[in-house]
Amino acid sequence: MTKADKILICLIMIASIVCLIPLFLSNSQKECVVVQVKNKEVLRLDLNENGTWTVDGTLGNVVIEIKDGKVRVTQENSPQHLCSKQGYVSNANVPIVCLPNETVVQIESDTSEDTVVQ
């Protein structure tokens, strides 16, 4: 290996590190909660804004709570109350679906990820 080869390898390593820096610095993801009833968007909220909101579902009111960057359905009128039993969701790939109320609560994110491998 000559001196020119060593210099070329060092330059390629420095260039690759410089290209990776923006990936680590741009961690500000804008996430929001979208609530749909009968496939129509009725509410859009910031995920970082704590609070409780109520929307009208097919069978009655659906109470949605956002706390510490997570969202959940706290109260709804359905036969088995499955969507309120689901608990908090913080992942954009996991929606809260309440079929009897025809209500979907989902987190939308700015990132362009299609899949998440665990």
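Scroll up a little and you will see the structure.
Residues numbered from 1 in each chain as written. Predicted model: local features only at pLDDT ≥ 70, side-chain atom pairs only at ≥ 80, totals over all residues. Heavy atoms only, no water.

Colleague: Describe the overall build of the chain, naming the residues involved and giving the relevant values.
Modeller: When its secondary structure is counted, the chain shows 2 helices and 7 strands. For the chain, the sequential pattern of α-helices and β-strands runs α-β-β-β-β-β-α-β-β. Burial analysis of the chain (118 residues in total) assigns 25% to the buried set. Looking at the chain alone, contacts between residues at least 24 apart form 30% of all its contacts between residues at least 6 apart. For the chain, the exposed area adds up to about 8,400 Å²; of that, 55% sits on carbon and sulfur atoms. (Helix = DSSP H or I, 4+ residues; strand = E, 2+ residues; numbered from the N terminus. Buried < 20%, exposed > 50% of the residue type's maximum accessible area, 1.4 Å probe, protein only. Contact = heavy atoms within 4.5 Å. Areas by Shrake-Rupley, 256 points an atom, 1.4 Å probe, with all protein chains shown as cover.)

Colleague: Explain the sheet that holds strand 4 (residues 61–67) to me, and be specific about the residues and the numbers.
Modeller: With antiparallel pairing, the 3 strands of this open sheet are ordered in space as 3-4-5. The sheet is open, and its two borders are formed by strand 3 (51–56) and strand 5 (70–75), each paired with just one other strand. Shown here is a sheet whose adjacent strand axes are inclined to one another by a mean of 30 degrees, direction ignored. As paired strands, strand 3 and strand 4 are joined by 6 bridges and run antiparallel to one another. Across the sheet, the residue bridging to Thr52 is Glu65, located in strand 4. (Pairing = 2+ DSSP bridges. Axes fitted to C-alpha atoms, helices over the stretch in contact; angles between N-to-C directions.)

Colleague: Outline the packing of aromatic side chains, listing residues and values.
Modeller: What the rule picks out here adds up to 0 aromatic pairs. Geometry around Tyr88 places Lys70 over its ring, the cationic atom sitting 5.3 Å from the centre. (Phe/Tyr/Trp six-rings, centres within 6.5 Å; stacked < 30°, edge-to-face > 60°. Lys NZ or Arg CZ within 6 Å of the ring centre and 35° of its normal.)

Colleague: Could you give me a rundown of the side chain of Ser78, with the residues and numbers involved?
Modeller: On the secondary structure map, Ser78 appears in the loop between strand 5 and helix 2 (82–85). By relative accessible area, Ser78 is classed as buried at 10%. At 3.3 Å, the side chain of Ser78 and the backbone nitrogen of His81 are in polar contact. Residues in contact with Ser78, not counting those within four places in the same chain, are Leu59, Cys98, Pro100 and Asn101. (Polar contact = N/O pair within 3.5 Å; in protein donor to acceptor, adjacent residues only side chain to side chain.)

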